[in-house]
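For reference, the chains in residue letters:
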Amino acid sequence: MPHAAGPDAVLAFWFEEISPKQWWDKSDDFDRLVATRFGALHQAATRGELHAWRSSADGRLAEVIVLDQFSRNIHRDSPLAFASDGMALVLAQEAVAEGADQALAPARRAFLYLPYMHSESALIHALAMDLYSQPGLEGNLDFERRHKAIIDRFGRYPHRNAVLGRASTAEEIEFLKTPGSSF
């Protein structure tokens, strides 16, 4: 079943309509905007209904943004914020395996690779280091290094513990007191 908002609408919103600052800032207003405009589309994506989008690199990227980024906005401070991470990672891995990532400009490719950065797997972060080491992605490589260091140290992101109902270790509690410990 086609959806009113297609991949072009997702990419226009993400890369043209909003500012890069909005990608990373926590804002209830922005979260509501994403939920209102793309909530139904997000639900369709979580059911695997956007599979037709995978016929193009832009469509693959749009589906990953819906599952990886929009999940964090629509379900902020809820375990559901991370519930689609595995699906987004598999889609990103398929895109990389098929070379679809290379059809994207580096600024867009960085978002295709974000599910690797969001993973709590050391193996996946080793792959992410290679992906973010490509020319044009140097600005994202430092962020991947910082994320990888947390995974290498703790095997997970401690800042997710509370929302996911995981008990924090004493070392994680101390770490969370340091500036920049959360992303």
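Quick caveat, the model's predicted, so the values are computed rather than measured.

**A few points about helix 5 (residues 85-97)**
Structural remark: α-helix, 3.6 residues per turn; residues separated by three or four positions point the same way.
Moving on, step 1. With 13 residues, helix 5 ought to run about 18 Å at 1.5 Å a step, and its terminal C-alpha atoms sit 18 Å apart, in line with that.
Moving on, step 2. Looking at helix 5, one finds that the buried residues are Asp85, Ala88, Leu89, Leu91, Ala92 and Ala95. Down the axis of helix 5, the buried side of the element spans an arc of 165°, and every buried residue falls inside it.
Moving on, step 3. For helix 5, the secondary structure elements touched by its buried residues are helix 4 (57-74), helix 6 (106-112), helix 7 (114-118) and helix 8 (122-132).
Moving on, step 4. After helix 5 finishes, the residue Gly99 shows a positive phi value of roughly 80°.

**Some points on the environment of Glu63**
Moving on, step 1. For Glu63, the location among the structural elements is in helix 4.
Moving on, step 2. Discounting residues that sit within four places of it in the chain, Glu63 has contacts with Leu50, His51, Trp53, Arg54 and Leu91.

**So, the domain arrangement of the chain**
Moving on, step 1. When its domains are assigned, the chain resolves into domain 1 (1-105) and domain 2 (119-182).
Moving on, step 2. Between domain 1 and domain 2, the C-alpha centre-to-centre distance is 21 Å.
Moving on, step 3. Counting residues at the interface gives 11 residues for domain 1 and seven residues for domain 2.
Moving on, step 4. Here domain 1 and domain 2 share an interface that buries about 630 Å² over both sides, 67% of which is from carbon and sulfur atoms.
Moving on, step 5. Of all residues in domain 1, the largest losses of buried area upon contact with domain 2 belong to Pro79, Phe82 and Leu89, amounting jointly to 53% of the total for that side.

**So, the nonpolar core**
Moving on, step 1. Ranked by size, the top nonpolar core spans 45 residues in total, and within it Val10, Trp14, Ile65, Phe70 and Tyr132 carry the most contacts.
Moving on, step 2. Of all the secondary-structure elements, those providing two or more residues to this core are helix 1 (7-17), helix 3 (28-46), helix 4, helix 5, helix 6, helix 7 and helix 8.
Moving on, step 3. Looking at this core element by element, the count peaks at eight residues for helix 4.
Moving on, step 4. Shared between two domains, this core takes at least three residues from each, and those domains are domain 1 (1-105) and domain 2 (119-182).
Moving on, step 5. What Tyr132 contacts, discounting residues up to four positions off in sequence, is Ala110, Tyr113, Leu114, Met117, Leu137, Glu138, Asn140, Leu141 and Glu144.
Moving on, step 6. Formed by five residues, the second largest nonpolar core is a distinct cluster that contains Ile150, Ile151, Tyr157 and Phe175.

**Some points on unusual backbone geometry**
Moving on, step 1. Within the chain, Asp77 stands out as a residue other than glycine whose phi angle is a positive 65°.
Moving on, step 2. Within the secondary structure, Asp77 is located in the loop between helix 4 and helix 5.

**Here's the deal with the pattern of salt bridges**
Moving on, step 1. Counted under the stated rule, the structure contains 16 salt bridges.
Moving on, step 2. Between Lys148 and Asp152 there is a salt bridge whose closest N-O contact spans 2.8 Å. With a gap of four residues between them, Lys148 and Asp152 both fall in helix 9 (residues 138-154), about one helical turn apart.
Moving on, step 3. Of the residues examined, Lys148 reaches a relative accessible area of 22% and is grouped as partly exposed.
Moving on, step 4. Salt bridges sharing partners connect three or more residues here, namely Asp68, Arg72, Asp85 and Arg160.

**So, the packing of aromatic side chains**
Moving on, step 1. Scanning the model with the defined rule gives 15 aromatic pairs in all.
Moving on, step 2. Plain terms: the ring middles of Trp24 and Phe111 are 5.7 Å apart, the flat faces sit at 5° to each other, and that makes the pair stacked. Here Trp24 is found in helix 2 (residues 20-24), whereas its partner Phe111 is found in helix 6, with 87 residues between them in sequence.
Moving on, step 3. One aromatic cluster is present, formed by Phe13, Trp14, Phe15, Trp23, Trp24, Phe30, Phe38, Phe70 and Phe111 through successive ring pairs.

Conventions adopted
- Residues numbered from 1 in each chain as written.
- Predicted model: local features only at pLDDT ≥ 70, side-chain atom pairs only at ≥ 80, totals over all residues.
- Heavy atoms only, no water.
- Helix = DSSP H or I, 4+ residues; strand = E, 2+ residues; numbered from the N terminus.
- Expected span 1.5 Å × (residues − 1).
- Buried < 20%, exposed > 50% of the residue type's maximum accessible area, 1.4 Å probe, protein only.
- Arc of directions from axis to C-beta.
- Contact = heavy atoms within 4.5 Å.
- Domains from an automatic or database assignment.
- Buried area = accessible area lost by both parts, 1.4 Å probe.
- Core = buried A, V, L, I, M, F, W, Y, C linked by side-chain atoms within 4.5 Å.
- Salt bridge = Lys/Arg side-chain N within 4 Å of Asp/Glu carboxyl O.
- Phe/Tyr/Trp six-rings, centres within 6.5 Å; stacked < 30°, edge-to-face > 60°.

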